[in-house]
Amino acid sequence: MAIAFLKVIEWQDNSHDEIVHKVNLAGNVINRGSKLTVREGQAAVFCDKGRMADVFGPGMYKLDTDSLPVITKLLSWAYGFETPFKSDVYFVSTRQFTDNKWGTANPVIVRDPEFGAVRVRGYGTFSFRVSDPYVFLSQLSGSHSSFTKTDIENYILGLLVMNVSDALGESGLSVLDLSGNLIELSGAVKASVGKRFGELGLELTGFNIENLSMPAEVEKALDENARLGILRGNADVYMKIAQADAMRKAAENTGAAGSAMGAGFGFGMGMQMTQAMRDASGAPAKEKAGGNAGAVSARCQSCGAELGGKAKFCPECGAAVKRVCANCGAELDGKAKFCPECGKKI
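Residues numbered from 1 in each chain as written. Predicted model: local features only at pLDDT ≥ 70, side-chain atom pairs only at ≥ 80, totals over all residues. Heavy atoms only, no water.

K.L.:
An account of the packing of aromatic side chains is needed here, citing residue identities and associated values.
P.N.:
In total, this model carries seven aromatic pairs according to the counting rule given. Site record: aromatic cluster; members linked through ring pairs are Phe46, Phe56 and Tyr61. Geometry around Phe97 places Arg95 over its ring, the cationic atom sitting 4.3 Å from the centre. (Phe/Tyr/Trp six-rings, centres within 6.5 Å; stacked < 30°, edge-to-face > 60°. Lys NZ or Arg CZ within 6 Å of the ring centre and 35° of its normal.)

K.L.:
Run through the sheet that holds strand S1 (residues 8-9), naming residues and quoting values.
P.N.:
The three strands are arranged S1-S4-S7 in an open sheet whose pairing can be described as mixed. Looking at strand neighbours, the two that pair on one side only are S1 and strand S7 (59-62), the edges of this open sheet. (Pairing = 2+ DSSP bridges. Helix = DSSP H or I, 4+ residues; strand = E, 2+ residues; numbered from the N terminus.)

K.L.:
Give a detailed account of the packing of helix H3 (residues 149-171) against helix H4 (residues 182-199), specifying residues and quantitative values.
P.N.:
Close contact between H3 and H4 brings their axes to 9 Å; oriented N to C, the two are set at 130 degrees. Classified by the angle their axes make, H3 and H4 are oblique. You can see that H3 and H4 cross each other, and the crossing is right-handed. Residue-level contacts link Tyr155, Ile156, Leu159, Leu160, Asn163, Val164, Ala167, Leu168 and Ser171 of H3 to Leu185, Ala188, Val189, Ser192, Val193, Arg196 and Phe197 of H4. (Axes fitted to C-alpha atoms, helices over the stretch in contact; angles between N-to-C directions. Parallel < 35°, antiparallel > 145°, perpendicular 65-115°, else oblique. Left-handed = near helix turned anticlockwise from the far one by under 90°. Contact = heavy atoms within 4.5 Å.)

K.L.:
Outline the pattern of salt bridges, listing residues and values.
P.N.:
Scanning the model with the defined rule gives five salt bridges in all. Residue Glu10 pairs with Arg39 through a salt bridge whose shortest N-O separation is 3.1 Å. Taken together, the residues span a long stretch of sequence, with Glu10 in the loop between S1 and strand S2 (18-22) and Arg39 in the loop between strand S4 (35-38) and strand S5 (42-48) at a distance of 29 residues. You can call Glu10 partly exposed: its relative accessible area is 32%. Assessed through its relative accessible area of 32%, Arg39 is described here as partly exposed. (Salt bridge = Lys/Arg side-chain N within 4 Å of Asp/Glu carboxyl O. Buried < 20%, exposed > 50% of the residue type's maximum accessible area, 1.4 Å probe, protein only.)

K.L.:
So what about the sheet that holds strand S9 (residues 88-93)? Which residues, and what values?
P.N.:
Overall, antiparallel pairing links the five strands, which are arranged S6-S5-S9-S2-S13 in an open sheet. For this open sheet the edge positions go to strand S6 (51-56) and strand S13 (146-148), each flanked by a neighbour on one side alone. Adjacent strand axes in the sheet meet at a mean angle of 20 degrees when their direction is disregarded. With four bridges connecting them, S5 and S6 associate as antiparallel partners. In the sheet register, Ala44 faces S6, and the bridge partner there is Phe56. Sheet strands in contact with helix H2 (residues 133-141) are S2, S5, S6, S9 and S13, and its direction is about 150 degrees off that of S6. The strands touched by H3 within the sheet are S2 and S13, with S13 carrying the most contacts at an inclination of about 45 degrees.

See the structure below:
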């Protein structure tokens, strides 16, 4: 009489990415009284001729008629557990697979109310687990002796990126507001993809959008627009700084001609900026107290001092005089009485 040896059926999971592991049973024969050990984070599924049967959660089991009701029914055991019998045993990891990376291989087109169609790229992390081993084996793993995270990763990534595109489109957010709503967008993606995951026996336990970025040229344009906004708000300050810098550089030039030219340039630039700002704002030119607003007087380009009608050198700084119309800046002939450009009296 042959002696039937008892078996201990278990899976010592030493891998980091194996989801399904088929037990290597000698001839797939299971004897009455065999022991089944299912550890935390695992489930065991018995299959009869490719048909999913009994599912076991964490614990220790003695295999008999009571613990294998589905197998008993499938094999039509009329008088209880018949030994030995053949069955495939699959262990399924139900722990979380965390810190998985996702990213948009191709940019997502987002319609922005201000910038029009903008290409957006994103990346982040996600976590998942097998929530229903029976459904997972039926829908995805099948009869594979081993099924790893890599085998399903591309499929999951496709689902996630597709739902990220939907969430961005349905949010109605400007690209400028995307970074401030990453938590809300992550929650929307997690909720929308949950049903599809459930149909596969999976659960998306975590989903995070870590970054959404625009093309470099768009980011550069945004930075430039912000810079111009700051300049517009502080035009007076920047004008004064520019004048001071021009005067300082001119003073550093030891040559008399260079000094006069540099200082004259700095003063002229300041005058042009002031006039341009007045023209833009529509503000009237400041009238000289006690004088005629329509009259034009020549000024030294170097220091700005008023010049007499026949002066060849500035009485203040000694720089050579170029007569310039104080109204429009046009260079004047030494004998001119009226500006040839704007007609103002000199």
